[in-house]
Structures are given as C-alpha cells and as structure tokens.
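One-letter residues, chain by chain:
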Amino acid sequence: RAETVWTSRVWPSSSARTTTFLYVLRHGAEKDVERAIRGRIEDASLDLVNLELERLPDLSAFPELEAIEAGSNRLKEFPLELAALPKLRSLDLGGNFLHALPADLSQFSALRELFLGVNRFRVFPEGVLTLSKLERLDLSTEDFNPVRVEKIPPGIERLPELRELRVGRNEV
C-alpha cells in the first residue's frame, strides 16, 4: 500500500525575516552580517527601507552595489562611507532625519540619482552641487513635515547632467 506523504514548508513572514535580519545586523558575527546583507541584494540593488536603522551597516564588502534604498529609517547623518562603492548610481535616503549634507560629495563619482525627500533640510544641501553626474535630485517634502527648503542656491546650473529636480511642497 502506497502512502502519500504531504509536507509543507512554511516561509517566514516578511516581518519575521526583517526581525531576523535586524538581529543579525546588531548581534551577528561579521560573516553572518555579510550573508544577511547579501540575501537582501537583488540585481545590484540593496533594500534597507523602513528598518528603523540609525546608521547603515558596513557595505564595503559589496562593491557591485549600484543602488541602495534606505528610505524611512532614522538616519541623522549622510553615510559618507558609501563613497567606497564605486558603482553606486542611485541612493534613496528619503524619509529620514537628515538636516545637512557634507559640503563635498564629489567622491560619489558615479551617483546619478539622489532621493532626499521628506528629511529635515531647512536650506538646500549645497553638497549636491559637487555631484557632477547627478541627473535626478528629489528634495520634495510632505504636508506633515514642518521643515522646508526655502530657496535653491545659485550654482545649480553647475550640474550639467541634471534633468529632474523635485522640490514639491517646499517654500521655493
């Protein structure tokens, strides 16, 4: 008599995977952290959205990264260490707590897209004027955000590749 055996694999829910990932980031050995990050990379893009991160993990072991989505976290400082990623073309830091950028971002030589919307900028972050290959810049905000950029500085024309500048709901 043949017996049919039914098995089912229960995949962890999205929130369980996120909890596990955050635990490994905070408490795991270096090789475990690297493995966890590699598991979130798809097509040279890393998704770190909405993880309540106060700083980004060390990503220097991933020079192939072309895009990082780290919006909706708790970042207060621009992660300069990402300049070590030579292929980084797109960086999304929208929805964090950034209030300023470094004055010189020229070491981000491949960066083409920078999303900084819904942060805490009171003045236009002039560091973006050093991104010579920048094509898209988003500094838009939302009605619930009381912090607004009031003017675009002279010098924006020094970005010869800039094709899209979003400043919606600001005071400009």
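Observations regarding the overall build of the chain
Okay, so step 1: When its secondary structure is counted, the chain shows 2 helices and 7 strands.
Okay, so step 2: Listing every helix and strand of the chain by position from the N terminus yields α-α-β-β-β-β-β-β-β.
Okay, so step 3: Across the 172 residues of the chain, 42% fall into the buried class.
Okay, so step 4: Partitioning the intrachain contacts of the chain with sequence separation of at least 6 by distance along the chain shows that 39% fall at a separation of at least 24.
Okay, so step 5: Working note: accessible area of the chain is about 10,700 Å², and carbon and sulfur atoms make up 48% of it.

Brief notes about the pattern of salt bridges
Okay, so step 1: Tallying each qualifying case throughout the model produces 7 salt bridges.
Okay, so step 2: Here E135 and R112 are joined by a salt bridge, their closest N and O atoms 3.5 Å apart. Within this pair, whereas E135 is found in the loop between β5 (113–115) and β6 (136–138), its partner R112 is found in the loop between β4 (90–92) and β5, the two being separated by 23 residues in sequence.
Okay, so step 3: With a closest N to O distance of 3.8 Å, E161 and R163 form a salt bridge.
Okay, so step 4: Overall, the relative accessible area of 33% leaves E161 in the partly exposed class.

Here's the deal with the sheet that holds β6
Okay, so step 1: Strand order in this open sheet of 7 strands is β1-β2-β3-β4-β5-β6-β7, and the pairing throughout is mixed. The open sheet terminates on both sides in strands that have one partner only, identified here as β1 (41–42) and β7 (164–166).
Okay, so step 2: The pairing of strand β2 (residues 45–47) with strand β3 (residues 67–69) spans 3 bridges and is classified as parallel. Note on β3: the bridge partner recorded for L46 is I68.

Some points on the environment of Y23
Okay, so step 1: Tracing the backbone through its elements, the reader meets Y23 in helix α1 (residues 14–27).
Okay, so step 2: Sequence-wise, Y23 and V33 are 10 residues apart; in three dimensions their C-alpha atoms are separated by 9.4 Å.

Details of the side chain of S90
Okay, so step 1: As for its position among the elements, S90 is in strand β4.
Okay, so step 2: In this structure, S90 is in contact with E66, A67, I68, L111, E113 and F115, ignoring residues within four places of it in sequence.

Focus: the confidence of the model for the chain
Okay, so step 1: Mean pLDDT over the chain stands at 85; residues scoring 70 or higher make up 83%.
Okay, so step 2: Confidence drops under a pLDDT of 50 for residues 1–12, and excluding neighbours within four residues, the segment shows 1 contact in the predicted structure.

Brief notes about unusual backbone geometry
Okay, so step 1: A positive phi is found at A44, a non-glycine position, where the angle reads about 65 degrees.
Okay, so step 2: Secondary-structure assignment places A44 in the loop between β1 and β2.

Comments concerning the packing of aromatic side chains
Given two aromatic rings, their pairing is described by the distance between the two centres and the angle made by the two planes.
Okay, so step 1: If you walk through the whole model with that rule in mind, you get 1 aromatic pair.
Okay, so step 2: A ring pair is formed by F78 and F108, whose centres lie 5.5 Å apart and whose planes are at 75 degrees; its orientation type is edge-to-face. Of this pair, F78 sits in the loop between β3 and β4 while F108 sits in the loop between β4 and β5, and the two are 30 residues apart along the sequence. By the burial criterion, F78 is buried, and F108 matches it.

Here we look at helix α2 (residues 30–38)
Okay, so step 1: Those residues of α2 that sit buried are V33, A36 and I37. An end-on view of α2 places all buried positions within 95 degrees of arc, on one side of the element. Looking at α2, the residues exposed on the side facing more than 90 degrees away from the buried face are K31 and R35.

Rules behind the numbers
Residues numbered from 1 in each chain as written. Predicted model: local features only at pLDDT ≥ 70, side-chain atom pairs only at ≥ 80, totals over all residues. Heavy atoms only, no water. Helix = DSSP H or I, 4+ residues; strand = E, 2+ residues; numbered from the N terminus. Buried < 20%, exposed > 50% of the residue type's maximum accessible area, 1.4 Å probe, protein only. Contact = heavy atoms within 4.5 Å. Areas by Shrake-Rupley, 256 points an atom, 1.4 Å probe, with all protein chains shown as cover. Salt bridge = Lys/Arg side-chain N within 4 Å of Asp/Glu carboxyl O. Pairing = 2+ DSSP bridges. pLDDT = per-residue confidence, 0-100. Phe/Tyr/Trp six-rings, centres within 6.5 Å; stacked < 30°, edge-to-face > 60°. Arc of directions from axis to C-beta.

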